Amino acid sequence: MGVSADVYTHGHHRSVVRSHARRTAATSAAYLLPFLQPGQRVLDVGCGPGSITVDLARAVSPGEVVGVDRARAAVDLTRDAAGAADLPNLSAEVADVLDLPFDDASFDVVHAHQVLQHVPDPVAALREMRRVTRPGGVVAVRDADYAATTWYPPSAGLDEWLALYHEVTEANRTEADAGRRLLHWALEAGFRADRLTPGASAWCFATPEDRAWWAGTWAERVTSSGFAEHALREGLADDVALESLAEAWREWGEAPDGWFAILHGELIARV
Ligand SMILES: C[S@@+](CC[C@H](N)C(=O)[O-])C[C@H]1O[C@@H](n2cnc3c(N)ncnc32)[C@H](O)[C@@H]1O
């Protein structure tokens, strides 16, 4: 079983973590909530700072939830979140989705939010997630589809941001338009077609508070995060270009009619 090369596009700069830590199961895993019951054992793959993981742990308590992430910094944040929320049923450890340190069929539910888009071999990741899920259990994945991102008012700077985002992920050999491919990848991974429930949902940032937050995090991310490092290292942008993208984000964030949405693919796969 392979272990992924270090290609995580965003890295764990505070602007990225701040963005991820705002997510909840209600905003990002609503499609999974009807499948959760107290007592289940759940694995959250690529848990990041653990804000969704905490909600999963509340939903299945006293069942055990394990968060795994390839990044030690993310695991530490998830452990902190478990402590702050007083959830003794939530633990976290460093692990790669391509080589999960768990027995076959050892979880009722295996979940990954915004992870397959960062893995160069998402089909192998789905196979490994299925291996650790018990027969009758559920693998649940949700990923953004960057090409299905749209906004108002028109902005040439945001057009450039989206084009650069695709170039950076392509250089990292990962798929930014993952949402539309989840069903295809699951079939490639050998899941049975009659046990798959595909769907979609969107994030929308259009209130003054959401707009300021989303624009603020991206203005910082395009100049300071792993995304900026990858863009500079690959020669896809220079500091001046990145600063102009940050300015475009700030301008969009100040527009009183600013509206931004990003479509996500979702999939429930019965094992
Ligand atoms: C976009 S973040 C999503 C975090 C969290 N699931 C959320 O939605 O808030 C992707 C996470 O996947 C982790 N990751 C990337 N590749 C991984 C791999 N091969 N195995 C495990 N985790 C991985 C990253 O370190 C990062 O924390």
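Before any of the text, the structure's been laid out above.
This structure is a prediction, so every number in the text was calculated from the model and none was measured.

S.K.: Looking at this model, I keep getting lost on the pairing of strand β5 (residues 133-152). Mind explaining?
M.R.: Side chains on a regular strand alternate between the two faces of the sheet. Examined bridge by bridge, strand β4 (residues 107-113) and β5 share six bridges and lie parallel to one another. Note that in β5 the partner of H111 across the bridge is A140. The sheet contact formed by β5 and strand β7 (residues 259-270) spans eleven bridges and is antiparallel. Residue pairing for β7: T149 is matched across the bridge by I262.

S.K.: I tried to follow the side chain of T78 on my own but got confused; where do I start?
M.R.: Along the chain, T78 falls in helix α4 (residues 72-84). For T78, a relative accessible area of 1% gives the class buried. Looking at T78, its side chain comes within polar contact range of the main-chain oxygen of G48, at 2.8 Å. If we skip the residues at most four places from it in the chain, T78 touches C47, G48, P49, G50 and A92.

S.K.: Even after reading the chapter, I still don't get the site of the ligand, so can you show me in this structure?
M.R.: Neighbouring the ligand are 19 residues; R23, G46, D69, V97 and H113 lie closest to it. Within the contact set of the ligand, an oxygen atom lies 2.6 Å away from a side-chain nitrogen or oxygen of D69. Within the complex, 99% of the 600 Å² of free accessible area of the ligand lies under protein. Looking at side-chain class alone, the shell around the ligand contains seven nonpolar, eight polar and four charged residues.

S.K.: In this structure, what is going on with the packing of aromatic side chains? I would like to understand it.
M.R.: For the structure on display, the rule yields 23 aromatic pairs. On the basis of an interplanar angle of 90° and a centroid distance of 5.9 Å, the ring pair of W218 and F227 is categorised as edge-to-face. A relative accessible area of 0% means that W218 is categorised as buried. Under the relative-accessibility criterion, F227 is labelled buried at 0%. Ring centres of W249 and W252 lie 5.8 Å apart, and the angle between their planes is 85°; this geometry places the pair in the edge-to-face category. Of this pair, W249 and W252 both sit in helix α10 (residues 239-254), three residues apart, which is roughly one turn of the helix. In this pair, the class of W249 matches that of W252, namely buried.

Parameters at a glance
- Residues numbered from 1 in each chain as written.
- Predicted model: local features only at pLDDT ≥ 70, side-chain atom pairs only at ≥ 80, totals over all residues.
- Heavy atoms only, no water.
- Pairing = 2+ DSSP bridges.
- Helix = DSSP H or I, 4+ residues; strand = E, 2+ residues; numbered from the N terminus.
- Buried < 20%, exposed > 50% of the residue type's maximum accessible area, 1.4 Å probe, protein only.
- Polar contact = N/O pair within 3.5 Å; in protein donor to acceptor, adjacent residues only side chain to side chain.
- Contact = heavy atoms within 4.5 Å.
- Near = heavy atom within 4 Å.
- Areas by Shrake-Rupley, 256 points an atom, 1.4 Å probe, with all protein chains shown as cover.
- Nonpolar A, V, L, I, M, F, W, Y, C, P; charged D, E, K, R; others polar.
- Phe/Tyr/Trp six-rings, centres within 6.5 Å; stacked < 30°, edge-to-face > 60°.

In short, shape yes, function no, at least from these values alone.
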